[in-house]
Amino acid sequence: MVLSRRDFLKKTCSVSTKAALAMQLSPLAFASQADPNLRRVLTGSKFGTFEAELNGNSIKKISVDNIHSKMVYHAYKTINNPSRIKTPMVRKGYLSGDNSDRGSNEFVPISWEKAIDILYKEIDNAQSQHGPSSIFPLSHWGMFGQFGNCGTAMQRALNLHGKTMSSTGFYSFAAAESILPEIVGDIEVTSEQTTLNYVAEHTELLILWGCDPIKNLKIGFSVPDFSPYKYWQQIKQKIDQGKIEVISIDPVTTDTQNYLNAKNIPIKPHTDTALMLGLCYELLEQETYNKRFIEDYTDGHEEFFAYLLGEKDGVKKTTQWASEICGLPVTTIKSLAKKFTTKRTLLSSGWSAQRAEHGEHYCWSLVALASMIGEIGLPGGGFSFGYNANDAGAATSNGSRLGVMSATVKDSSPKYDKPYTSTPYFPTSRMVDVINNPGKVVPFKGKDITYPDLKVFVVAGANPLSTHQDVNQLKQALNKLDFIATIDCQWTATCRFSDLVLPTTTVWERDELIPYGNATNRGVIGMKKLVEPMYESKDDYEIWRLFAAKFDREKQFTEGKSQIQWLKEFYDKAYTDNQNRGINMPVFEKFWTQDSAIFEYPGQNDFVRYADFKEDPDLDGLATDSGLIQLFSQKIANANLKDCPPYPSWMETSDWKERSSGEFFHLISLHPTNRLHSQLCGVKELRDLINANQHEPLWINPADAKEFNLVTGDIVETYNAKGKVLLGAIVSDKVSQGVLATQEGGWYSPDGDTCLYGNVNILTTDRGASSWSQGPSAQTCLVKIKKYQGSIPNIDCFDGPKIVKA
Ligand SMILES: Nc1nc2c(c(=O)[nH]1)N[C@H]1C(S)=C(S)[C@@H](COP(=O)(O)OP(=O)(O)OC[C@H]3O[C@@H](n4cnc5c(=O)[nH]c(N)nc54)[C@H](O)[C@@H]3O)O[C@H]1N2
Ligand SMILES: Nc1nc2c(c(=O)[nH]1)N[C@H]1C(S)=C(S)[C@@H](COP(=O)(O)OP(=O)(O)OC[C@H]3O[C@@H](n4cnc5c(=O)[nH]c(N)nc54)[C@H](O)[C@@H]3O)O[C@H]1N2
Ligand SMILES: [Mo]
């Protein structure tokens with residue numbers, strides 16, 4: 001038997017499933033149930049597991065055994081909060097063919113029959129008249145579950161009808177995922193990372209480069225098991241013992257920095273690439289870089305070094321040069337470079353700094369710097385782009401994955417098979433450019449793509465009116481569309497700007513199977529419905545089944561299976577695969593009948609990223625052009641893009657002049673501590689945790705606050721040419737002078753071009769990171785501020801629509 005080196009490096013040790021379970025779950029899960037009317041049901045969410053005590057159709061209380069996230073204590077309140085959508089609705093003007101009241105929030109309740117009629121009629125019209133290039137379905141962080149996933153259900157039904165546009169590239173890390181495959185042969189961001197015990201054991205210098213795992217591990221795409229936190233505790237112990245030095249390079253003081261008691265280097269936003277190149281130059285000039293690593297493991301260093309030395313553009317990328325751009329003293333940069341060469345160093349990056357103009361070169365420069373340090377593939381050394389979400393960095397189990405509903409139906413015959421009049425996909429965050437410029441040809445990852453002429457926008461599981469950049473521009477673009485439908489459980493701003501709104505169930509009002517643990521694949525949870533669907537809500541799957549019935553494809557949509565048959569099929573896939581791995585799960589019937597249906601897989605597999613490559617780059621080469629790390633890329637050179645040179649490069653942002661003028665603040669939009677983007681903003685208890693005077697927070701440095709005569713709790717008009725947002729000041733050293741921070745995903749309470757509550761995306765830039773990735777540039781954001789005088793108009797975004805008569 002041939003063991004790959006990777007397998008060999010994985011140490012496997014089983015833990016007792018029951019012991020692990022007992023640690024993870026509240027003891028209540030095993031308590032005897034004296035009152036026959038009471039049921040205790042263990043369930044999951046994107047915020048972790050909890051146990052609900054049920055009395056008939058109501059949740060009496062919940063118990064949580066998790067100290068990592070406050071969200072899970074309150075998330076279930078979305079089942080019945082003031083923002084809950086109760087019935088299907090249409091915008092008042094829609095009924096008379098008048099689009100001018102989009103956003104007015106006046107809606108007319110309608111029956112499900114009428115609602116599905118409208119949805120079908122509009123999609124069918126677009127498909128029959130304009131073909132698949134006219135229909136844009138969008139689904140994002142609302143997606144959840146193997147069976148009832150809103151994105152899959154929608155796409156499955158739409159695929160039976162005809163084809164549609166698809167969007168590609170995540171808001172999260174579009175720049176990284178499009179450049180890193182060219183450089184290291186992998187997208188990195190969601191790939192298995194070196195297990196954090198190796199960091200605790202081997203790392204001597206941990207650099208958190210715009211990276212806040214303690215905050216960002218609080219959520220998951222599936223149910224998080226929070227297992228990385230115990231590793232971060234080990235790392236903290238090593239730091240306390242003086243065995244690891246930790247430095248956070250971040251314009252903001254993060255939760256991780258506070259937790260680890262890390263030093264902070266408050267770099268100017270958007271200047272990291274210059275710092276990294278300055279560090280590379282220093283290592284080159286001092287001849288302290290790892291020559292062997294550069295020669296044996298990288299390709300194209302000659303071009304990169306020539307650039308560093310100024311042979312390409314006449315500018316030497318010295319520490320002095322870097323210092324002038326990034327605002328850090330030369331001594332700080334030189335001392336960092338020295339540390340890098342004397343200590344086992346891990347450069348651990350988050351994703352925010354790449355969610356910006358030229359984000360690709362931020363990523364590339366980090367890899368180049370780690371290559372010059374030369375510890376890639378060694379435990380606790382090198383670089384990482386993946387420790388900051390979805391349980392990353394913890395050991396993985398031996399278990400197999402559950403089956404999942406497919407977005408395509410085998411041997412199906414769609415109603416329409418019309419040709420595309422465009423490229424069938426476009427980069428997600430370019431959607432406004434797409435709506436505004438049908439037929440435009442744009443470069444994307446080295447190819448040219450042609451934009452479609454969109455007519456219909458169907459949103460299920462996303463809230464672009466809060467999460468897409470430059471919302472005032474988005475609103476104008478949406479007005480050009482013929483029809484917008486939104487399916488959600490909460491009355492978001494995207495509902496408000498739609499023509500048709502359909503109420504879906506929350507994840508606790510439906511039966512579902514879901515992986516427990518994200519990157520860790522810790523096990524399986526059978527989520528039993530806690531309460532019956534509230535009001536008139538229906539599951540996403542059910543909505544799209546009704547849609548499919550409109551054109552005689554219901555049988556194909558369901559494949560003739562009941563919900564429980566689907567769940568069994570998905571479970572049985574894991575059951576069979578696991579049996580082959582020697583893991584015995586209970587049969588589905590037994591598993592599903594338990595109130596706390598959870599099965600935890602054995603196994604704790606550790607991993608060292610790039611260990612194979614390090615050991616033998618010829619045998620285990622990377623999936624790049626040369627099989628090595630590319631410090632120059634011929635493919636990118638061939639694309640010939642001004643804003644994406646073929647080696648790691650520093651470029652000024654398009655707003656560099658204003659940025660340097662000193663007249664603006666740079667506004668960072670952090671991923672929120674107690675929310676998942678805009679999700680849970682409708683829960684007052686969570687809103688109140690980080691909030692200033694009933695508005696989203698605006699962290700401002702004391703010196704800046706003084707200049708603008710602001711104290712904590714003051715309302716601040718935060719504005720630029722795109723619009724204005726009212727935020728609540730929190731005066732704090734969390735940010736350095738010239739930098740402001742708020743949280744993304746604040747709900748949108750519109751008043752002309754202003755948001756009264758705190759949607760930062762009124763102010764952000766909607767521009768491709770470069771012509772390579774066309775990713776979002778949400779962090780490229782300059783604003784001015786002034787103290788708000790006068791009374792605050794009514795914030796109405798949490799109260800649902802104004803119900804009117806037709
Ligand atoms: N300024 C700024 N903007 C940003 C970012 C930033 O850093 N700065 N970050 C970006 C990033 S990384 C991301 S990933 C995006 C996220 O962008 P989105 O995915 O648009 O954000 P969410 O707020 O999670 O929206 C999910 C919606 O799905 C709904 N939902 C939940 N469950 C269900 C369900 O079962 N069915 C249906 N149909 N709907 C459901 C929720 O109520 C919510 O309205 O935001 C981006 N926006
Ligand atoms: N609690 C919670 N966790 C989440 C999410 C959430 O909404 N809530 N969202 C999840 C999702 S979808 C994603 S994509 C990830 C997002 O993960 P990230 O994008 O990494 O998260 P952020 O917290 O927005 O930013 C991380 C750090 O980058 C810093 N930063 C910003 N600009 C710069 C810069 O120019 N230079 C440097 N050096 N640092 C900079 C910020 O100050 C912040 O401390 O988080 C995931 N985890
Ligand atoms: Mo994201």
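This structure is a prediction, so every number in the text was calculated from the model and none was measured.

A.B. asks: Quick question: what am I supposed to make of the pattern of salt bridges here?
C.D. replies: Here the idea is simple: oppositely charged side chains can pair when their charged atoms come close. Under the counting rule described, the total for this entry stands at 44 salt bridges. One salt bridge in this structure joins Arg91 and Asp101, with 2.3 Å as the shortest N-O distance. Here Asp101 lies in the loop between strand 4 (89-91) and strand 5 (106-109) and Arg91 lies in strand 4, a separation of ten residues in the sequence. Residue Lys550 is joined to Asp117 by a salt bridge in which the shortest nitrogen-to-oxygen separation is 2.3 Å. Taken together, the residues Lys550 in the loop between helix 21 (540-549) and helix 22 (554-558) and Asp117 in helix 4 (residues 112-130) connect sequence positions 433 residues apart. Asp117 sits in the partly exposed class, given a relative accessible area of 35%.

A.B. asks: Got a minute to help me understand the sheet that holds strand 2 (residues 50-55) in this structure?
C.D. replies: Where strands meet in a sheet, backbone hydrogen bonds hold them as pairs that are either parallel or antiparallel. A sheet is described by the order of its strands in space; here three strands give the open sequence 1-2-3, paired in antiparallel fashion. Whereas interior strands pair on both sides, the edge strands pair on one side only; in this sheet they are strand 1 (38-43) and strand 3 (58-63). Taken over all neighbouring pairs, the strand axes of this sheet differ in orientation by 30 degrees on average, direction set aside. Where strand 2 meets strand 3, five bridges bridge the pair, whose relative direction is antiparallel. Its bridge partner lying in strand 3, Glu53 is registered against Lys61.

A.B. asks: When you look at the packing of aromatic side chains in this model, what are you seeing that I'm missing?
C.D. replies: Aromatic ring pairs are reported here in terms of the distance separating the ring centres and the angle at which the planes meet. Within this structure, the stated rule accounts for 35 aromatic pairs. Ring centres 4.4 Å apart and planes at 40 degrees place the aromatic pair Phe147 and Tyr541 in the tilted group. On the criterion of sequence distance, the pair formed by Phe147 in the loop between strand 6 (135-138) and helix 5 (150-161) and Tyr541 in helix 21 is long-range, its members being 394 residues apart. As far as burial versus exposure is concerned, Phe147 and Tyr541 are alike and both buried. Seen in terms of ring centroids, Phe226 and Tyr229 are 6.2 Å apart; in terms of plane orientation they differ by 55 degrees. Their pairing is tilted. One aromatic cluster is present, formed by Phe293, Tyr297, Phe383, Phe385, Tyr610 and Phe613 through successive ring pairs. For Lys784, the ring lying beneath its charged end belongs to Phe664, and the centroid distance is 5.0 Å. Looking at Lys786, its charged tip hangs above the ring of Tyr719, at a distance of 5.2 Å from the centre.

A.B. asks: What's the story with the site of ligand 1 in this structure? I'm lost.
C.D. replies: As a matter of local geometry, ligand 1 sits amid 31 residues, with Thr467, Asp488, Arg510, Ser678 and Gln679 nearest to it. Residue Arg355 places a side-chain N or O atom 2.9 Å away from an oxygen atom belonging to ligand 1. Between ligand 1 and Asp488 there is a distance of 2.7 Å, counted from an oxygen atom to a side-chain nitrogen or oxygen. If ligand 1 stood free it would expose 930 Å²; the protein chains cover 97% of that surface.

A.B. asks: Teacher, can you tell me more about helix 4 here?
C.D. replies: The α-helix winds at 3.6 residues per turn, so residues separated by three or four positions along the chain end up facing the same way. For helix 4, with 19 residues, the first-to-last C-alpha span of 27 Å sits near the 27 Å given by 1.5 Å per residue. Among all positions of helix 4, only Trp112, Ala115, Ile116, Ile118, Leu119, Tyr120, Glu122, Ile123, Asp124, Ala126 and Gln127 are buried. Looking one or two residues beyond helix 4, the residue adopting positive phi is Gly131, at roughly 80 degrees.

A.B. asks: Looking at this structure, how should I read the site of ligand 2?
C.D. replies: Residues in close proximity to ligand 2 total 33 residues, the closest being Lys215, Asp250, Asp272, Arg355 and Pro672. Within the backbone of Arg675, an N or O atom sits 2.8 Å from a nitrogen atom of ligand 2. Contributing elements (two or more residues each) for the shell around ligand 2: helix 8 (213-216) and strand 24 (665-670). Taken together, the residues that form the shell around ligand 2 break down as 16 nonpolar, eleven polar and six charged. Looking at which domains feed residues into the shell around ligand 2, each of domain 2 (176-392 + 613-624) and domain 3 (656-793) supplies at least three.

A.B. asks: What should I look at first to understand the packing of helix 14 (residues 319-326) against helix 15 (residues 330-342) in this one?
C.D. replies: For any two helices packed against each other, the geometry is given by the interaxial angle and the distance between the axes. Relative orientation of the contacting elements helix 14 and helix 15 amounts to 120 degrees, with a least axis distance of 9 Å. Compared by their axis directions, helix 14 and helix 15 come out oblique. As for how helix 14 packs across helix 15, the hand of that crossing is right-handed. Contact residues: Thr319, Gln320, Ala322, Ser323 and Cys326 in helix 14; Val330, Ile333 and Lys334 in helix 15. By residue class, the composition of the contact of helix 14 with helix 15 is four nonpolar, three polar and one charged.

A.B. asks: When you look at the domain arrangement of the chain in this model, what are you seeing that I'm missing?
C.D. replies: Along its sequence, the chain is carved into domain 1 (5-79), domain 2 (176-392 + 613-624) and domain 3 (656-793). Carbon and sulfur atoms supply 83% of the area buried between domain 1 and domain 3, which totals about 750 Å² over both sides. Joining domain 1 to domain 3, the criterion identifies one salt bridge. Here Lys77 and Glu685 are joined by a salt bridge, their closest N and O atoms 3.4 Å apart. Taken together, domain 1 and domain 3 are joined by one residue pair in polar contact (both at pLDDT 80 or more).

A.B. asks: What exactly am I supposed to notice about the pairing of strand 31 (residues 782-787) here?
C.D. replies: Put simply, side chains in a regular strand alternate between the two faces of the sheet. Bridge count for strand 24 against strand 31 is two bridges, and the pairing is antiparallel. Counterpart to Phe665 in the pairing with strand 31 is Val783.

A.B. asks: Would you mind showing me how to read the UniProt feature "domain: Molybdopterin oxidoreductase" (unreviewed entry) in the chain here?
C.D. replies: When the UniProt feature table is mapped to this numbering, "domain: Molybdopterin oxidoreductase" (unreviewed entry) covers residues 84-548. Taken end to end, residues 84-548 has its terminal C-alpha atoms 26 Å apart, with 36% of it in helix and 16% in strand.

A.B. asks: Where do I start with the sheet that holds strand 9 (residues 245-249) in this structure?
C.D. replies: Across the sheet, five strands lie side by side as 10-9-8-12-13; this open sheet has parallel pairing. Lying at the two open borders of the sheet, with one neighbouring strand each, are strand 10 (263-265) and strand 13 (382-384). Pairs of neighbouring strands in the sheet enclose a mean axial angle of 20 degrees, with direction left out of account. Bridge count between strand 8 (residues 205-209) and strand 9: five bridges; the pairing is parallel. Considered in strand 9, the bridge of Leu208 is made with Ser248. The strands touched by helix 16 (residues 359-373) within the sheet are strand 8, strand 12 (345-349) and strand 13, with strand 12 carrying the most contacts at an inclination of about 170 degrees.

Conventions and cut-offs
- Residues numbered from 1 in each chain as written.
- Chains lettered and ligands numbered in written order.
- Predicted model: local features only at pLDDT ≥ 70, side-chain atom pairs only at ≥ 80, totals over all residues.
- Heavy atoms only, no water.
- Salt bridge = Lys/Arg side-chain N within 4 Å of Asp/Glu carboxyl O.
- Helix = DSSP H or I, 4+ residues; strand = E, 2+ residues; numbered from the N terminus.
- Buried < 20%, exposed > 50% of the residue type's maximum accessible area, 1.4 Å probe, protein only.
- Pairing = 2+ DSSP bridges.
- Axes fitted to C-alpha atoms, helices over the stretch in contact; angles between N-to-C directions.
- Phe/Tyr/Trp six-rings, centres within 6.5 Å; stacked < 30°, edge-to-face > 60°.
- Lys NZ or Arg CZ within 6 Å of the ring centre and 35° of its normal.
- Near = heavy atom within 4 Å.
- Polar contact = N/O pair within 3.5 Å; in protein donor to acceptor, adjacent residues only side chain to side chain.
- Areas by Shrake-Rupley, 256 points an atom, 1.4 Å probe, with all protein chains shown as cover.
- Expected span 1.5 Å × (residues − 1).
- Nonpolar A, V, L, I, M, F, W, Y, C, P; charged D, E, K, R; others polar.
- Domains from an automatic or database assignment.
- Parallel < 35°, antiparallel > 145°, perpendicular 65-115°, else oblique.
- Left-handed = near helix turned anticlockwise from the far one by under 90°.
- Contact = heavy atoms within 4.5 Å.
- Buried area = accessible area lost by both parts, 1.4 Å probe.
- UniProt positions renumbered as here; feature names shortened; annotations may be inferred.

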